[in-house]
Amino acid sequence: MRLRTCWTNSKSKTSRRIQRLKDMRKTLDKIAEERSKYSLREEAITNQQEVIEGRTTFSAVNKDDVLGRGEEATEIINRLLSPSDTISIIPIVGIGGLGKTTLAKLIFNDDRIKNAFEPKIWVHAMDFKVEKLVEDILLSSGTTNRNSLGNLESKVQRVKQILNGRRYLIVLDDVWNEDWKQWEPFKQILQGGERESRIIVTTRSKQVLSIMHAETPHMLKHLSYHDRLELFERRAFGSAGAKVNLVSIGKQIVKKCQGVPLTANTLGGMLCFKSGEDAWKEVLDSEFWELEEEEGGHSSENEIISSLKLSYQYMPSPLKLCFVYCSLYPKAFELDKDMLIQQWIAQRFIQKQYVGDHYVNYLLAISFLEETELETYKMHDLVYDLARSIAGDEVAVLEAKKSPKINPAECLYASIIEYSQLSKLQKDLPRKVRALHYQECSYLSKEIFSYTKCLRVLDLNNCSFGKPPTSVYKLKQLRYLKFSGDLGQVDERIENLWNLQTLIVSDYWDISTLLDSIGRLQNLNNLKLGNCHNFRSLPESLVNLVNLRTMSITNCRNLETLPESLANLINLEILNINNCSIITLPISIGKLYKLVYLDLSFSRELSKLPDSIGSLQKLYSLKLCGCYNLQNLPESLSNLIELRTLDIKGCAMLDELPNTISNMTKIQREESPELGHDSAVQLYVFKGPSTEFVVHNITNAKRINLRERGSIKSLMYECDNYIIDDGIKRATEAMVEALQPHQNLQELCIQHYECLIFPSWMRSRIESFLPNLVKIKFIGVHYCKHLPVLGQLPKLEEILIKDMHKVRRINEEFCGDRNTSGTSFPSLRRLGFFEMWGLEEWVTAEVTEDGERGASMFPCLEELNIYNCPKLRVQLGIPPSVKTLILVSSMLPLLMGLDVREMSLKHLRISSLKHQTSLLDSIRHLTSLETLEINFCKSLATLPEWLGELSSLRSLEVYDCPLINCLPESIQRLTALETLDIAACSENLWKRTEKEIGTDWYKISHIQNKRISTGYY
């Protein structure tokens, strides 16, 4: 009987499947018929992303319309104008609508840029194809028209002719290309320019920068509230003036713009057409951010988010699903990366963790996610609104004190937060729902999930109701389950959830039943237990979880042991036992051959690691931070050939590192413990973005064996004790002596080195120890009276010396023995003295037998910076090769001894001379000077008449010199002067130079670009 019934049911199901196939065939036939009827044609589907019609950009901008970007523009302009040996790429990165293009335009049209670069070329580079970019360069340069471009080869040759040997500036605006194969051939075309040529790139994607090998990006700041408000009111009120009753509403609307000027601009333009108070309130209180158009609303509302939609369009299809899924959380919610990725996997948007990691990084790169200080992630409000608008009725977020707003027929994902109408909601819970998040809810009926057969993700976060609803255990499709809060005891029927992949349990007191049943969840990939205090060991049944890849047990203070059968977790890749009371590790841990991450931080009772840990050949990261009783590390640690991270900070009982630690050549970050009284030196080793050693012991210093680490290109030594006795000073000297770097070192920084002498490898023939050194810095070296001999370093290009109070003289000893080389500092281009309060003399040249100036000791020096060196005198003059000279703060002795007769200086900046009432006459001899900046000279009363003798001067900037009341007559003779910039000047000077009517206007009327203001800009 049972067999016949079963057969009957099977036959019925088969019949239904056949009928569905017949219906599908009819539908396809109808589509084919319509294809013929409407002459539609077939096209192959490719993986190429559809590119929607985007905006185009151009370089023109009205400076008066740009608010709040002056400081950032100046910062980037300074970077563009600073000397460099290569054609550098300066990126401007920020979210869509923040003003990257506007800032680039402001810079592009700045007078200082006009004077420095020729040609200047603007290219809208969203469609990043070499041929199109080449065409746009030709068209932007004005050398041709589109009809006479010719073939690709001829275009490339013409671009090279335009750029070769010239100091060009190219702006590549709105770059999306992340394919280095597109970038490299285009890059080659640009290589013929002068080395101080520059490329500005604006982009939303930080990944673009990696393929371009760009400099440190300028991360565009959000516009301040006051600037946004002014921008908004300009558009909203125009020349008619603000209406009092609308101003307060407008201020509240502007706060919603979250620093995005595009939003303030567009909203202001829209409200310009709505003069009634009710209309403004409607916008303020509406679901504007959900992009719902209001009746009679201005069409520009859609423009607010168009740039974000463009970012969305460029995403791969699975990533689009992942991104929109983020709208399931409430606005401004801080997302946990791992939990989010596991939910994506549970929803089958993706299959692998590494894909999720890539997607999160991508969303970060295009500013759709922002990282917080707590290492969580959140979405900008505008981005969140975009996701919500795309999700439509498929996503519902129900919050406290808000009316239900859920479409049961359409909703697939719902989030319920402190919701007060749960009883009503339970009747309408969508049957197709695939994800449910409950936060801080206090009641759920037993059968609430009886009809949600499609549920794949269930998150009960900080909820408190007797125990989980029994209907939870009927969710056969459930793949992600999180219990958090006072939920009572988990039923053993959890073993029925045989599809479960991720289980997270936190803030539970009694999980004994759960642990007994958990071993039967054969498909479990991720297990996380946190703040569960009532168990001391893991059950043997846990080892049945052969598919487990991640196990994290944190803040479970009573957990003391791990089972020997742990080795059965053959697929385990991540093991995190953090802040527990583990006493010993099982020897079998060495059989977890796939383990890549092991975190035992704050295992305070752990005294040693088993030798078997050396068998973890794939281990990438080992964290032992805060293991206070750890006394030694096994020698087998050196077998961890893939180890990149070793964190042993705070291991107070650890006396030494293994002898073989120097064999671990791939370590990128190592932290060692403070070891009693010898704790004196902190050494940062940069081998990539975050490589770090921290050394407190001479034994450790020797075992690190820097002399054999040829891959390290940059080093910074930093002493972490500012007040130390003689014993610690000697220990510090010995440690730094043992930390001699490899000959491949290119950059060296000595910071807060509180010793009397430098190590021997710096004192004696440093050129034999560090022949490839390019840059060296001394910062806060307070006790050394003499600098090392650096003059014979063949590749040294830059020296910075700051805050070395004991150094009195820098003379020929600094240059070294010139008998063999014939010269000193053969490659030095940049030299800076900063806050050298005791420095009295700097000798720059040899003295002949006749007592005259001989050969320069700095023959290639091009840029010299002297900041806050009040006693310094330059003996035998500034080196004549210097082209850029910056003098800042209280340097009267220096200026009095300044001999400029042989100089061909082009750029001079004088700043913060407190008591200088006039410029020194010696400056009048700088006839090759092209730019002169005089800043913050509060006592300077006049500009001299001899200013007119600077016949090559192209730019004059006077900033915050309030006693200057008029300009000299001779300024009329400066026929090469193209830019005059005077800011924070006196009211009298401003009036005298007022256009057409000022008494001094005739003196400056010939200057093409002039800006005179009593305020700052």
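Rules behind the numbers
Residues numbered from 1 in each chain as written. Predicted model: local features only at pLDDT ≥ 70, side-chain atom pairs only at ≥ 80, totals over all residues. Heavy atoms only, no water. Buried < 20%, exposed > 50% of the residue type's maximum accessible area, 1.4 Å probe, protein only. Helix = DSSP H or I, 4+ residues; strand = E, 2+ residues; numbered from the N terminus. Arc of directions from axis to C-beta. Contact = heavy atoms within 4.5 Å. pLDDT = per-residue confidence, 0-100. Pairing = 2+ DSSP bridges. Axes fitted to C-alpha atoms, helices over the stretch in contact; angles between N-to-C directions.

The subject of this paragraph is helix α7 (residues 180-189). Think of an α-helix as 3.6 residues a turn; residues three or four steps apart then line up on the same face. Turning to α7, its buried residues are Trp183, Phe186 and Ile189. Buried residues of α7, viewed axially, fall in a sector of 110 degrees; they line one side. Turned more than 90 degrees from where α7 packs its buried face, Trp180 and Lys181 sit exposed. Summarising the contacts, the buried residues of α7 are in contact with β1 (88-93), α5 (130-141), α6 (152-163), β3 (169-175) and α8 (207-212).

Looking now at the confidence of the model for the protein. Low pLDDT marks stretches whose predicted atomic positions should not be read closely. The share of residues in the protein with pLDDT of 70 or more is 77%, and the mean pLDDT across the chain is 78. Confidence drops under a pLDDT of 50 for residues 288-304, and excluding neighbours within four residues, the segment shows 39 contacts in the predicted structure. In this model, residues 669-692 is a region of pLDDT below 50 whose contacts with residues beyond four sequence positions or in other chains number 101 contacts.

Moving on to the pairing of strand β37 (residues 955-959). Counting buried positions along β37 yields five of five residues, so the element is predominantly enclosed. The two faces of β37 match: Ser955, Glu957 and Tyr959 on one face and Leu956 and Val958 on the other face are all buried. Summarising the sheet, strand β36 (residues 931-935) and β37 pair through five bridges and their orientation is parallel. Each residue of the ladder has a partner; that of leucine 932, found in β37, is leucine 956. Both β37 and strand β38 (residues 979-983) contribute to a ladder of five bridges, which runs parallel.

Tracing the chain through its elements places histidine 805 in the loop between β26 (798-802) and β27 (809-810). Of the residues examined, histidine 805 reaches a relative accessible area of 31% and is grouped as partly exposed. Counting along the chain gives 31 residues from histidine 805 to methionine 836, while the straight-line C-alpha distance between them is 5.8 Å. Aside from chain neighbours lying at most four places away, what touches histidine 805 is His782, Glu835, Trp837 and Gly838.

By definition, the strands of a sheet pair up through backbone hydrogen bonds, in either a parallel or an antiparallel sense. Strand order in the open sheet formed by five strands is β2-β3-β4-β1-β5, with parallel pairing between adjacent strands. Of all strands in the sheet, those with a lone pairing partner are β2 (120-124) and β5 (218-219), marking the two edges. Taken together, the five bridges between β3 and strand β4 (residues 198-203) define a ladder with parallel strand orientation. The residue of β4 that forms the bridge with leucine 172 is valine 201. Relative to β2, α5 is tilted by about 135 degrees, and along the sheet it contacts β2 and β3.

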